[in-house]
Amino acid sequence: MDVARGWVRECGSLCILTGAGVSAESGVPTFRGPEGLWKRRDPISLATPEAFAQDPKEVWEWYQWRRKKIRGCAPNAGHAAIAAVEGEKRDFLLVTQNVDGLHRAAGSRRVEEIHGSIWGIRCVGCGAERVERDDFPELPPRCGSCGGLLRPGVVWFGEMLPREASDAAMEMLSRCEVLIVAGTSAVVAPASGYAAAAKRHGARVIEVNPDETPVSGICDATFRGKSGEVLPALLG
Ligand code: APR
């Protein structure tokens, strides 16, 4: 731990990549863990544009259930440690796959939500976008100006990442001295390739995850523990 803490302390350019595991200790279900969302529901029938076209009400019932669950969750010590180290780094970027908004709630500012936000909504008709944290009385919700269907502001399987967020992430991965990969199973592209991209550019890669992942083998250090416990020790 001391060696890795030294890398983090001494680097001028730090990138952190997070996944659902970082929010697990806040009570947000992961996707592929023992109680994971995809253990109970088929992702293709809920998190694809095709599923939405086929049954927008069912898709929205599931997202409204997730929004309700997440609304009751607060950032944990892992989120707080990431928000704190941001202020100490000249060059810093947090790249998160999480749509729960807990990083921002913890105070993170230099953050790219590459899979969007569950609090964002977009009209499939006129393209109007806004943040909406309240529940919708009627599902599927409709756009107030054109009457079109509103969809959750998240990136579904088969969809492209938001261009700006993706470019910013790749840009940072090409120059960061240290990349921390925390709480992700590293099986969903393109984020699953970010550790290798940073490594190719000479970065030190540190993994924080109770379990082994497909990127563990290329990491310079791995910490098999919960991010709410490891990140404060690593970043504090
Ligand atoms: N601290 C750190 N890591 C944890 C913790 C914890 N407390 N609890 C679980 N983990 C790890 C698990 O071991 C697993 O490797 O977090 C990882 C969670 O993996 P997934 O559930 O697959 O979540 P994620 O990697 O974020 O999924 C990527 O897949 O379903 C899509 O769009 C969705 O953004 C998501 C993407």
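For clarity, every value in this text was computed on a predicted model and none was experimentally measured.

## Regarding the site of the ligand
Phase 1: Around the ligand, a shell composed of 21 residues is seen, among which Phe31, Arg32, Thr184, Ser185 and Asn209 lie nearest.
Phase 2: Taking alanine 20, its main chain carries an N or O atom lying 2.8 Å from an oxygen atom of the ligand.
Phase 3: Of the residues in the shell around the ligand, the class split is 7 nonpolar, 10 polar and 4 charged.

## Some details on the nonpolar core
Phase 1: One finds Tyr63, Ile118 and Trp156 to be the most contacted residues of the largest nonpolar core, which totals 25 residues.
Phase 2: Sorting the residues of this core by element identifies helix 3 (37-40), helix 4 (49-54), helix 5 (56-71), strand 4 (116-123) and strand 6 (150-154) as the ones contributing at least two each.
Phase 3: In contact with tyrosine 63, other than residues within four places in its own chain, are Leu46, Ala47, Ile118, Pro152, Val154 and Trp156.
Phase 4: Core analysis: the next-biggest nonpolar cluster, separate from the first, contains 24 residues, Ala4, Leu14, Leu94 and Leu231 among them.

## Observations concerning the sheet that holds strand 5 (residues 129-131)
Working definition: the strands of a sheet are paired by backbone hydrogen bonds and lie parallel or antiparallel to each other.
Phase 1: Overall, antiparallel pairing links the 3 strands, which are arranged 5-4-6 in an open sheet. Two strands lie at the open edges of the sheet, namely strand 5 and strand 6, each paired on one side alone. Mean inter-strand twist for the sheet, computed between neighbouring axes without regard to direction, equals 35°.
Phase 2: As paired elements, strand 4 and strand 6 share 4 bridges and run antiparallel to each other. Counterpart to glycine 116 in the pairing with strand 6 is valine 154.
Phase 3: On the sheet, helix 5 packs against strand 4 and strand 6 and is oriented at approximately 140° with respect to strand 4.

## Some words on helix 1 (residues 2-10)
Phase 1: Of the residues making up helix 1, those classed as buried are Ala4, Gly6, Trp7 and Val8.
Phase 2: At its buried positions, helix 1 is contacted by strand 1 (13-18), strand 7 (178-182), strand 8 (204-208), strand 9 (221-223) and helix 10 (227-235).

Conventions adopted
Residues numbered from 1 in each chain as written. Predicted model: local features only at pLDDT ≥ 70, side-chain atom pairs only at ≥ 80, totals over all residues. Heavy atoms only, no water. Near = heavy atom within 4 Å. Polar contact = N/O pair within 3.5 Å; in protein donor to acceptor, adjacent residues only side chain to side chain. Nonpolar A, V, L, I, M, F, W, Y, C, P; charged D, E, K, R; others polar. Core = buried A, V, L, I, M, F, W, Y, C linked by side-chain atoms within 4.5 Å. Buried < 20%, exposed > 50% of the residue type's maximum accessible area, 1.4 Å probe, protein only. Helix = DSSP H or I, 4+ residues; strand = E, 2+ residues; numbered from the N terminus. Contact = heavy atoms within 4.5 Å. Pairing = 2+ DSSP bridges. Axes fitted to C-alpha atoms, helices over the stretch in contact; angles between N-to-C directions.

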